[in-house]
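# Descriptive analysis of the structure
What follows is each chain in one-letter form.
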Amino acid sequence: MNILRKAAIPIIAIIVFVLFWEWLVWVNGWPNYKMASPSDLGPAFWKFRWLFLQYGWETLWRTVAGLMLAIVFGTLIGMIMGFSRTARDGLYPLLVGFNAIPKATVVPVIALMFVGAHDMNTILIAFLISFFPIAVSISIGLSTLEPEYRDILRSLGASKFTIFRKIALPKTLPEFFGALKVAVTLAFIGTNLMEIVEPHGKGLGHLFDSGKISADYPLMFAVLIALAVLGIFLYYVVVYLEKIFAGWAERAET
Amino acid sequence: MTDEPQISLRGVTHAYMTDDGPLPVLRDLNITVQKGAFTAVVGPSGCGKSTLTRLIAGLMFPDEGEVRLGGKLVKSPRSTVGMAFQNPVLLEWRSILRNVLLPLEIVANDLSQSQREDRARELLALVGLEGFEEKKPSELSGGMRQRASLCRALVHRPEVLILDEPFGALDAFTREDLWQIMHELRHEEEFTCLLITHDLRESVFLADEVVVLSGRPATTQEVLKVTLGKDRVLDDLYTPEATDMLAHLRHQIQIAQGRGEELAA
Ligand SMILES: Nc1ncnc2c1ncn2[C@@H]1O[C@H](COP(=O)(O)OP(=O)(O)OP(=O)(O)O)[C@@H](O)[C@H]1O
Ligand SMILES: [Mg+2]
């Protein structure tokens, strides 16, 4: 019953939203280049179904690859900043400054630096845009660890690494997953940015671009919907992992 | 060697480096605790009591003087020490049982997993937490968490138990329950205990000796022998004997706070 309710509410919400959208387009008599209606999208999806699958997959795997890199690198930087005050003071302004650069301006730079390596370019942008929240959350999680937590193990002669593995790491997991939810969305934006700004014939961004060139407005809207679906999918994968690895923190919230 | 005191601090002096220059915290501090004895340390807030526990645990080292455990100079943390703090610092993602088992995962020992669990269960039963082994810390009350934290401090059979205001955050009734439990633990387990506390009644009820520290930089201002018998009940705190000791300690604390003259006037 409860599971049914949980699944039913979002589904009903989506149906209501789609109906409202259809109604809005119909009532205003908008042509499809101004606003495509949901009933236009079905044919657009069907017509390009294989392209959607192929491009969707390209967007997906490159986003995930960039995100993985961001997790590894972000965790590493976060650990360095979390454990060393000096490193934190030194790295923080650099990171903030770097994060402040709009990534749209970095896209052409990266594209020039690694001409032709499309997959790598895309992954790199997804990574660059998403590692910041991960690094910050890990470093804050570690540096705000109450000293007593460290002391109970340190007083027994445990090594720094043991303390990290047994206490600091699990204790930081809730913050880490919080950041990962932001990062996964960002990485997705990064991938699409590269695909659209520097078109190289791959990913949903490219499909969007070709829709634009051939003035196929329903296709453009269909790409937007496909992107939303992928984004939701990735987000809930993270939520699912969070439940498994940091589910213990949930009770504390209420 | 056998008559070496279990804990011994000789002429311990320590200062913290702060932005405003060095902050002297301990000055020429001497404390001796015999094997199996229970010593309480009281002193004004911020006088350096927690610093003292960190020095004994080998988490930091004094600028001058020496800290010895069982006659040996403390040069690093030792697995023969157990610690508990005001904050029970239980790991929320572990069950109570697995929290108590934590030290046995660090300290070298030749116990099998089932022996370890038996040991942890035995302690948990002793403090009245039987049946809560599989619960998460968030499902327990503050007093119960503190009991679990005591079990964790004792599970590896430390020679020295260091308690830094472990009952400070508990309400009066829970605190008195835990005093009783401390007595029972002392009865069943072998350890030498140094207890930091703000509560004079607690110090008199639990300890064989109460050390009063002066205000910062702290030095040993007074050592009071507690003359109550071994088996104590709460009512003992209301005997004339105990009342005298409490009055004496309260007076010493006031002197330590620098309010001695004010009082005499
Ligand atoms: N790491 C540190 N660096 C600088 N100063 C410190 C540090 N730790 C403690 N102090 C200062 O040293 C003094 C003694 O601290 P300590 O924690 O030992 O006192 P305490 O007696 O345990 O206090 P309380 O009664 O509040 O528990 C305090 O004034 C504190 O501000
Ligand atoms: Mg303290």
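This text goes with the structure placed above it.
Since this is a predicted model, take the numbers as computed values, not measurements.

### Side note on the packing of helix α6 (residues 118-143) of chain A against helix α8 (residues 160-197) of chain A
What describes two packed helices is the angle between their axes and the distance between those same axes. Residue and element names in this part refer to chain A. The geometry of α6 relative to α8 is characterised by a closest axis approach of 7 Å and an angle of 155° between their N-to-C directions. Relative to α8, the element α6 lies roughly antiparallel. As α6 runs across α8, the sense of the crossing is right-handed. Across the contact of α6 with α8, the residue classes tally to 18 nonpolar, eight polar and two charged.

### Here's the deal with the packing of aromatic side chains
Residue and element names in this part refer to chain A. Taken as a whole and assessed by the stated rule, the structure comprises 11 aromatic pairs over all chains. Judged by centre distance (5.4 Å) and plane angle (70°), the rings of F73 and F131 are edge-to-face. Placement of F73 in helix α3 (residues 49-83) and of F131 in helix α6 is noted, with a sequence separation of 58 residues between them. For F73, a relative accessible area of 35% translates into the label partly exposed. Measuring from centroid to centroid gives 5.5 Å for Y235 and Y236, while their planes differ by 80°, and the two rings are edge-to-face. Its end group placed over the ring of W46, R49 keeps NZ or CZ at 3.8 Å from the ring centre.

### Quick notes on the pairing of strand β4 (residues 64-69) of chain B
All names here are of chain B. In terms of strand pairing, strand β1 (residues 7-18) meets β4 through five bridges, oriented antiparallel. Opposite S8, over in β4, you have R68 as the bridge partner. The pairing of β4 with strand β5 (residues 72-73) spans two bridges and is antiparallel. Within β5, the residue paired with R68 across the bridge is L73. Linking β4 back to β5 in an antiparallel pair, the connection comprises two residues, with G70 at a positive phi of about 55°.

### Comments concerning the pattern of salt bridges
Enumeration according to the criterion identifies 19 salt bridges over all chains in this entry. Ionic pairing is found between R201 of chain B and E176 of chain B, a salt bridge with its closest N-O pair at 3.4 Å. Here R201 of chain B, found in helix α6 (residues 200-206), pairs with E176 of chain B, found in helix α5 (residues 172-188); they are 25 residues apart in sequence, far enough to count as distant. Here R201 of chain B falls in the partly exposed class, since its relative accessible area comes to 26%. Of the charged contacts, one joins D208 of chain B and R186 of chain B as a salt bridge, the two residues approaching to 2.8 Å between their closest N and O atoms. Residue D208 of chain B is found in the loop between α6 and β9 (209-213), and its partner R186 of chain B is found in helix α5; the two are separated by 22 residues along the sequence. One salt-bridge network, in which partners are shared between bridges, spans R62, D119, E195 and K202 of chain A.

Reading guide: rules and limits
Numbering of residues begins from 1 in every chain and follows the order in which that chain's sequence is written. Just so you know, chain letters begin at A and ligand numbers begin at 1, following the order they were written in. Where totals are concerned, whole chains, interfaces and linings use all residues; where local detail is concerned, this predicted model gives features only for residues with pLDDT of at least 70, and gives and counts side-chain atom pairs only at 80 or more. Calculated side-chain values reflect all of the structure's heavy atoms, with hydrogen atoms and water omitted. Axis definition: a line fitted to C-alpha atoms, limited for helices to the stretch in contact. Angles are taken between N-to-C directions and run from 0 to 180 degrees. Note on conventions: DSSP H or I runs of at least 4 residues are helices, E runs of at least 2 residues are strands, and numbering of each starts at the N terminus. For classification, angles of less than 35 degrees are called roughly parallel, those exceeding 145 degrees roughly antiparallel, those between 65 and 115 degrees roughly perpendicular, and all remaining angles oblique. Crossing handedness follows the turn of the near helix against the far one: under a right angle anticlockwise gives a left-handed crossing, and clockwise gives a right-handed one. Throughout, the ten residues Ala, Val, Leu, Ile, Met, Phe, Trp, Tyr, Cys and Pro are labelled nonpolar, Asp, Glu, Lys and Arg are labelled charged, and all others, Gly among them, are labelled polar. Any pair of Phe, Tyr and Trp rings, taking the six-membered ring for Trp, is counted once the centres come within 6.5 Å. Such a pair is stacked with planes under 30 degrees apart, edge-to-face with planes over 60 apart, and tilted for the rest. For every residue, the accessible area (1.4 Å probe, protein chains only) is compared with the maximum for its type, and the residue is labelled buried under 20%, exposed over 50%, or partly exposed between those bounds. Note on criteria: charge over ring means Lys NZ or Arg CZ within 6 Å of the ring centre, with the direction from the centre no more than 35 degrees off the ring normal. Note on pairing: DSSP must find at least two bridges between two strands before they are called paired. Salt bridges are defined as contacts in which a side-chain nitrogen from Lys or Arg sits within 4 Å of a carboxyl oxygen from Asp or Glu.

Interpretation in functional terms is not warranted from these geometric data alone.
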